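# Descriptive analysis of the structure
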Amino acid sequence: MASPSDPIPLLPGMEHLPSALVATIMTKLDIRSIQSLASTCKTFRSCAAHILSFVPTFHLFDIAPSMDLLRPLLPPNPYLRSLKVDCTRLDDSSLDYMIRPSLQELCLYNCADCSGKLLSLLGRQCKDLRFLYLSSVAEKRGRSIDVLDLEELLSGCSHLETLILMFDVSIFLRHNFARVWALAPGKLLSLEIGYISSVMVTELLSPALGPQQSSNHLRPSILPNLQKLCLSVDYITDTMVNTISKCLVCLTHLDLRDSPIMEPRMAFDLTNSGLQQINIHGKLKHLSLVRSQEIVPTYFKRVNDLGILLMADKCSAMESICLGGFCQVTDTGYKTILHSCSKLYKLRVFHGTHLTDLVFHDISATSLSLTHVSLRWCNLLTNLAVARLATNGDLSILDLRDCRNLGDEALRAIGTLPKLKTLLIDGCDISDVGLSYLGKGSTNSLVSLSVRGCKRLTDRCISSLFDGSCNKEIRELDLSNLPNISDAGVLLLAKTRIPIFELRMRRCPLIGDTSVMALASMQVDVTVWHGSRLRLLDLYNCGGITQLAFRWFKKPYFPRLRWLGVTGSVNRDMVDALARSRPFLHVACRGEELGTDQWDDLDDVYMQDEEVDEFEQWLLGAENVSDDEMEDDVDLEELLE
């Protein structure tokens, strides 16, 4: 077997042009693009098959392949360093094939059908692993994880620097769970856990002494070099925060989120005392403390302005702060943050029930250069606060969702921000006039816009936003829950030829089959592309969608579509037939939100520009369509007749 240090071999004759040139170009492409080329001719197919045996990266997470489809894409490859795969259709039987000793980065998403074998196998075979992301492990009924599997992972992957376990680790026995973390590699810099109890966190960082050890025994340091810690817990408590602050001396990034199932008692809550312990070592740059309202409406009722003042004394070097659910904090506390943290560029506040315009009254007098501001569910804010914020000309992300008192004048101010890329104004009191301010403004960098639930908007908002004089190329647009948006508005959108990749229009009663037809035949550029570039389309609970619309979701329409939201009650058989005929299309019919937000921080989804989706064609063997696939197409046709 070739050693990873050996030179990468070439096919016979590839040292001569044009084969050498083709091979050089293909090695610069991602997996999807390589296979798109492979589907065009035998020469490219042969070249692609060879290239797959030495490519250093294999990223394929916007579709969920089966093992039969993945096998030809993953031949033996001693040079493979990075692997990212959606494992929705894979199980333990796939692990021996995917897990390679050469891997340094591994991201496996949606591993619900994998057991603890995944962890133990990684510990035994991937000794050189630096980055590991695993989600939903053993979530399917009948699968399990033993603490010994975790022990083998932590002891075997001694070079691990980033570990992300996006699943419930409370399934491990508590006493054994804390013990195995003593084996975690000292090089670990970042740890993220999908769910863990606060008691387990405390025990993990300060394990109990053994029966033969005296109180004077020197305890080994747990995670001595950890810089980033992100946890979702049952309760954020003083005890947990104190333990984290004291034990993790190198911490620069702390992100804690809880979702209490009931109002916490004093012993299981965060108070001013706990907040005072944050950043006692003075190295923290990023802080996020959020109490989610997902289960019951609970808040940090034992923290007030005094706690924020005590914390701010130690946080002058903070660059990013997120506070959610601090219902007792007023303008005094928030202003202290703005005036104490001179390096702050990201500010996020959720459920700021006492946050008013006064916080931003003199923001122009500070040295702040904010680029990311999120003020969600802050209902006391008015247009004046947004006008003050807009003096930060470097703002690139602005989230004002569910700030009910913001109106058209706020958009007039926002329209002056030249670097703004993302604007979220769901539920604000804006009209078509407000969007015209945005359309005619300086926000030509805007790529993502959400106006969900802005009920005053009509079809005219499309022409207001994309008038003939603007240069905006919005790629993500959310028009959900707009009762006055109809097929006429979508026709206007189609005529703009804006290359939209994600379009959400859920719960729009006037959206129907005509909208689907218009989007399916949308022309972005008559010289380059005929048809839709949409990768995500959410039409859940749109009142006018009938079985006729399903004709337009068949091939060759919507060739890039990967996520589709519809109402299953329209015709369940038809939805099932569509899912069978396009197995790499995620069809959701229960109202769940679409997209891959959990992967956004890891990698950007690659956008293709091919005229047809050759990759999907290659995977499905379009040149030799199987009998099963032909039957699925026939089934769909019969249902539509």
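Residues numbered from 1 in each chain as written. Predicted model: local features only at pLDDT ≥ 70, side-chain atom pairs only at ≥ 80, totals over all residues. Heavy atoms only, no water.

As annotated in an unreviewed UniProt entry, the protein carries the name F-box/LRR-repeat protein 10 and is attributed to Forsythia ovata.

## A closer look at the packing of aromatic side chains
The final tally for this structure, using the stated rule, is eight aromatic pairs. Here tyrosine 109 and tyrosine 133 contribute two aromatic rings whose centre-to-centre distance is 5.0 Å and whose plane-to-plane angle is 50°, an arrangement assigned as tilted. With tyrosine 109 in strand S3 (residues 105–109) and tyrosine 133 in strand S4 (residues 131–135), this residue pair connects regions lying 24 residues apart in the sequence. Exposure class is identical for tyrosine 109 and tyrosine 133. Each is buried. Aromatic side chains tyrosine 235 and phenylalanine 268 sit 6.2 Å apart centroid to centroid with 55° between the ring planes, which places their arrangement in the tilted category. Placement of tyrosine 235 in the loop between strand S7 (228–233) and helix H10 (238–247) and of phenylalanine 268 in the loop between strand S8 (253–258) and helix H11 (272–276) is noted, with a sequence separation of 33 residues between them. Under the relative-accessibility criterion, tyrosine 235 is labelled buried at 13%. Aromatic ring contacts, followed pair by pair, group Phe172, Phe177 and Trp181 into a single cluster. Sitting over the ring of tyrosine 97, arginine 71 keeps its end group 5.8 Å from the ring centre. Here the basic side chain of arginine 100 rests over the ring of tyrosine 97, its NZ or CZ set 5.5 Å away from the ring centre. (Phe/Tyr/Trp six-rings, centres within 6.5 Å; stacked < 30°, edge-to-face > 60°. Helix = DSSP H or I, 4+ residues; strand = E, 2+ residues; numbered from the N terminus. Buried < 20%, exposed > 50% of the residue type's maximum accessible area, 1.4 Å probe, protein only. Lys NZ or Arg CZ within 6 Å of the ring centre and 35° of its normal.)

## Some thoughts on the pairing of S3
Buried residues dominate S3, accounting for four of its five residues. Note: strand S2 (residues 82–86) against S3, five bridges, orientation parallel. Bridge pairing in S3 links leucine 83 to leucine 106. What joins S3 to S4 is helix H6 (residues 117–125), and the crossover it makes is right-handed. (Pairing = 2+ DSSP bridges. Right-handed = clockwise from strand over helix to strand, strands pointing away.)

## Side note on the pattern of salt bridges
Overall, the coordinates contain 26 salt bridges when judged by the stated rule. One salt bridge connects glutamate 105 with lysine 84, and the closest N-O pair in it is separated by 3.9 Å. With glutamate 105 in strand S3 and lysine 84 in strand S2, the pair connects residues that are 21 residues apart, well separated along the chain. Close ionic contact of arginine 376 with aspartate 402 constitutes a salt bridge, the shortest N to O distance being 3.4 Å. A residue pair is termed long-range when its members are at least 10 positions apart, and arginine 376 in strand S12 (residues 372–376) and aspartate 402 in the loop between strand S13 (397–399) and helix H15 (408–414) qualify at 26 residues. Accessibility assignment for this pair places arginine 376 and aspartate 402 in one class, buried. Connected through salt bridges with shared partners, the residues Arg452, Asp478, Arg506, Asp538 and Glu593 form a single ionic network. (Salt bridge = Lys/Arg side-chain N within 4 Å of Asp/Glu carboxyl O.)

## Considerations on the nonpolar core
The biggest cluster of nonpolar side chains holds 181 residues, and the ones touching the most others in it are Leu118, Trp181, Leu223 and Leu537. In this structure, leucine 537 is in contact with Leu503, Met505, Leu519, Phe553, Phe558, Leu561, Trp563, Leu564, Gly565 and Leu594, ignoring residues within four places of it in sequence. (Core = buried A, V, L, I, M, F, W, Y, C linked by side-chain atoms within 4.5 Å. Contact = heavy atoms within 4.5 Å.)

## As for the confidence of the model for the protein
Of all residues in the protein, 85% attain a pLDDT of 70 or more, and the chain-wide mean is 86. Across residues 1–17, where pLDDT falls below 50, the model places 24 contacts with residues more than four positions away in sequence or in other chains. Residue range residues 598–641 is modelled with pLDDT below 50. Its contacts to residues more than four positions away, or to other chains, number 93 contacts. (pLDDT = per-residue confidence, 0-100.)

## Comments concerning a nonpolar patch on the surface
A cluster of nonpolar side chains, namely Ile261, Met262 and Ile295, defines an oily patch on the protein surface of about 320 Å² accessible area. Here isoleucine 295 shows up in the loop between strand S9 (286–291) and helix H12 (305–312). (Patch = residues over 30% accessible without salt bridge, like charges linked within 9 Å, V, L, I, M, F, W, Y side chains within 5 Å. Areas by Shrake-Rupley, 256 points an atom, 1.4 Å probe, with all protein chains shown as cover.)

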